[in-house]
Amino acid sequence: MKTIIKSFTLIFLFSLFLPTIISAQAPYQSFTYDYWEDPINIPDPYLPEDTITGQDLESGSFSSPQDFAVTEEGHIYIADTGNHRIVILDNDYEFVGIIDEFENDEGELDHFRNPSGLYMSEKNELYIADTNNNRIVVLDNQFNFVKSIQNPESEILEENFVFTPLKVSVDYADRVYVISKNMYQGIMSFDEFGNFTGFSGTINVNLSFTEKVWRLLSTKEQRARQILYIPTEFTGMDIDPDGFIYTSNIDAEGLQGLRRLNPKGQDVIKQSVRNHLGGDLFYRSSGDYSGPSAFVDVLYRGRGLYSALDSKRGRIFTYDDEGNLLYIFGGIGTQRGTFRQPVALEMLGDKLLVLDALNNSILTFAPTYYGSLINEATGKRFEGDESETVRLWEEVLKLDANNEFAYNGIGKSYLTSGDNEKAVEYLSRGRDREYYSIAYKRYRNERLKESFSTILTILLITFIAYLVFRWLKQNNKLKKRKLKEEKPIKLKEGGDVHV
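The rules behind these values
- Residues numbered from 1 in each chain as written.
- Predicted model: local features only at pLDDT ≥ 70, side-chain atom pairs only at ≥ 80, totals over all residues.
- Heavy atoms only, no water.
- Helix = DSSP H or I, 4+ residues; strand = E, 2+ residues; numbered from the N terminus.
- Buried < 20%, exposed > 50% of the residue type's maximum accessible area, 1.4 Å probe, protein only.
- Contact = heavy atoms within 4.5 Å.
- Areas by Shrake-Rupley, 256 points an atom, 1.4 Å probe, with all protein chains shown as cover.
- Pairing = 2+ DSSP bridges.
- Salt bridge = Lys/Arg side-chain N within 4 Å of Asp/Glu carboxyl O.
- Patch = residues over 30% accessible without salt bridge, like charges linked within 9 Å, V, L, I, M, F, W, Y side chains within 5 Å.
- Lys, Arg positive; Asp, Glu negative; His and termini not counted.
- Charge placed at Lys NZ, Arg CZ, Asp CG, Glu CD.
- Polar contact = N/O pair within 3.5 Å; in protein donor to acceptor, adjacent residues only side chain to side chain.
- Axes fitted to C-alpha atoms, helices over the stretch in contact; angles between N-to-C directions.
- Parallel < 35°, antiparallel > 145°, perpendicular 65-115°, else oblique.
- Left-handed = near helix turned anticlockwise from the far one by under 90°.

A. Up close: the overall build of the chain. For the chain, the count of helices and strands is eight helices and 27 strands. Across the 499 residues that make up the chain, the buried fraction comes to 46%. Taking the intrachain contacts of the chain between residues at least 6 apart in sequence as the baseline, contacts between residues at least 24 apart amount to 45%. Roughly 28000 Å² of accessible area belongs to the chain as shown, and the carbon and sulfur atoms make up 52% of that amount.

B. Region of the structure containing the pairing of strand S7 (residues 95-99). Relative to S7, strand S6 (residues 85-89) is paired through four bridges, and the arrangement is antiparallel. Pairing of Ile 88 across the sheet is with Gly 97, part of S7. The loop that links S6 with its antiparallel partner S7 comprises five residues; one of these, Tyr 93, has a positive phi angle of about 65°.

C. Quick look at the pattern of salt bridges. By the definition in use, this model includes 18 salt bridges. Between Glu 383 and Arg 303 there is a salt bridge; the shortest N-O distance is 3.0 Å. You can see Glu 383 sitting in helix H4 (residues 369-383) and its partner Arg 303 sitting in the loop between strand S21 (295-302) and strand S22 (305-310), a full 80 residues away along the chain. Close ionic contact of Arg 391 with Glu 388 constitutes a salt bridge, the shortest N to O distance being 2.6 Å. Residue Arg 391 and its partner Glu 388 are both found in helix H5 (residues 386-399); the two are separated by three residues, about one turn of the helix. By relative accessible area, which is 41% here, Arg 391 ends up partly exposed. Through salt bridges with shared partners, a single network forms among Asp 110, Asp 130 and Arg 135.

D. Looking closely at a positive patch on the surface. Among the surface-exposed residues, Arg 470, Lys 473, Lys 477 and Arg 481 lie close enough to one another that they form a single positively charged patch. Considering the arrangement of structural elements, one finds Arg 481 in helix H8 (residues 433-486).

E. A look at the side chain of Ser 293. Counting through the fold element by element, Ser 293 comes out in the loop between strand S20 (258-261) and S21. Sequence-distant contacts of Ser 293, that is, excluding residues within four places in its chain, are made with Gly 278, Gly 279, Asp 280, Asp 310, Lys 312, Arg 313 and Phe 317.

F. The side chain of Arg 313, seen in detail. Its place among the elements puts Arg 313 in the loop between S22 and strand S23 (315-319). Note on Arg 313: relative accessible area 10%, which makes it buried. A polar atom in the side chain of Arg 313 sits 2.5 Å from the backbone oxygen of Tyr 289. Excluding anything up to four places from it in sequence, Arg 313 contacts Asp 280, Tyr 283, Tyr 289, Ser 290, Gly 291, Pro 292, Ser 293, Gly 330, Gly 331 and Ile 332.

G. Fine view of the sheet that holds strand S25 (residues 342-348). Across the sheet, which stays open at both edges, the four strands sit in the order S3-S27-S26-S25 with antiparallel pairing between neighbours. Among the strands making up the open sheet, the edge pair consists of strand S3 (46-53) and S25. Adjacent strand axes in the sheet meet at a mean angle of 25°, parallel and antiparallel pairs treated alike.

H. Highlighting the packing of H5 against helix H6 (residues 404-417). Packing of H5 against H6 brings their axes to within 9 Å, and their N-to-C directions diverge by 160°. As the angle between them shows, H5 and H6 are arranged roughly antiparallel. Considering how the two elements wind past one another, H5 and H6 form a crossing that is left-handed. The residues of H6 that touch H5, namely those facing Glu 386, Thr 389, Val 390, Trp 393, Glu 394, Val 396 and Leu 397, are Phe 405, Ala 406, Tyr 407, Gly 409, Ile 410, Ser 413, Tyr 414 and Thr 416.

I. Fine view of unusual backbone geometry. In the Ramachandran plot, Asn 151 falls in the positive-phi region, its phi being about 50° despite a non-glycine side chain. At Tyr 289, a residue that is not glycine, the phi angle is positive and equals roughly 55°. Inspection of the secondary structure puts Tyr 289 in the loop between S20 and S21.

J. Expanded view of the sheet that holds strand S18 (residues 233-239). Across the sheet, which stays open at both edges, the three strands sit in the order S18-S19-S20 with antiparallel pairing between neighbours. Of all the strands in the sheet, the pair left with one neighbour each is S18 and S20. Direction aside, the axes of adjacent strands within the sheet are offset by 25° on average. In terms of strand pairing, strand S19 (residues 245-250) meets S20 through four bridges, oriented antiparallel.

Encoded structure:
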């Protein structure tokens, strides 16, 4: 009887804790790539936490939302595209209000048509890509009309070009950057007054010698028809505090879907020797979810860390400032914590937020202890705190003993602090050929210096010993000669005579 009661008690307790156990399991397998470019499973860096839909709020259901923005205060602005409105939530995901109309500069009531992009500037002005109205609308923190950007004019724009903004970002100087539909020459740039100033991120074609000669011999009309840039479909962007623009783009070859543009519009992103910035290394060539990763958004997370959202397989890729791939998580599906059509990526505190246009929802992901350690270790390395970096990466290795990047992180910290011997040891384990070569060269030079010093000391001691030996030998000869000269000479007659 006692055995039966015990059994029922255990079953009852297990049933109580089963939901908690299940909720701690991710509906996806997190992984990264090792030195040999093989996918390696890792502990989950983030786990699904919550799903927010319009049905849960007073706003009513969302309709194909395409973008959202999070302010410093934690307010969330959602471009509810299909409903032609902006929905506002607070940092607890509670409904705050709706913007669906405003009074324009002519004093008339105006409305949005399929707004697809949002950005909150440092001046707390809300920039809205009002897509089907072919304009950018700017509202102040009281949602009053400030200005609009529309109908850009320039000689470098085609005569039949229609300005159809999809995404918008603003830097610290109020320069505005816009991704426009069917504009493959680059990201459109506007000054603080809304005047079009050119393109950023244009990828120029490198002409061969023959092509340059042919261009010189061509007529003006023929030169005009020659494309001098690689058509690029930009999909998302974010701006760091220094004014550098992180962008995502569709890359048919899957080699580089991310860029970092300086104020001149040049790509200055760092790429790791062992990882490219194209997402998945391996993928199907046909069928469902085939082809390279399709990055639709990028998020700069601070301290050199940035993440990219892949709509093809619903994965989030996170990189450090050197272009090293830290971790990958997420997936397409119908389970809680998976996506159907992810379109935008944001951050609230330490949580990652993903906007799903097909599920009409926001999914939130909380970092695990493992993920927090990696984020913090990378941040400390970026700030130059090498001792704390080593401690954090050592904690990562306790959870994931095969984490090559942890070994490399420790090795780089030792390299920076000047402990080249330990740097060689850890970088060898992490298989970072680039930094290992630097560490080994420094370590070898150190040993050579130490060896040279030892050899020089031995030679000096040997030389001194040789001089002492010669001096002793010479002194001994002098003594013998003196004794020889002082030895008495015996004469045949008479006594001893000293000469």
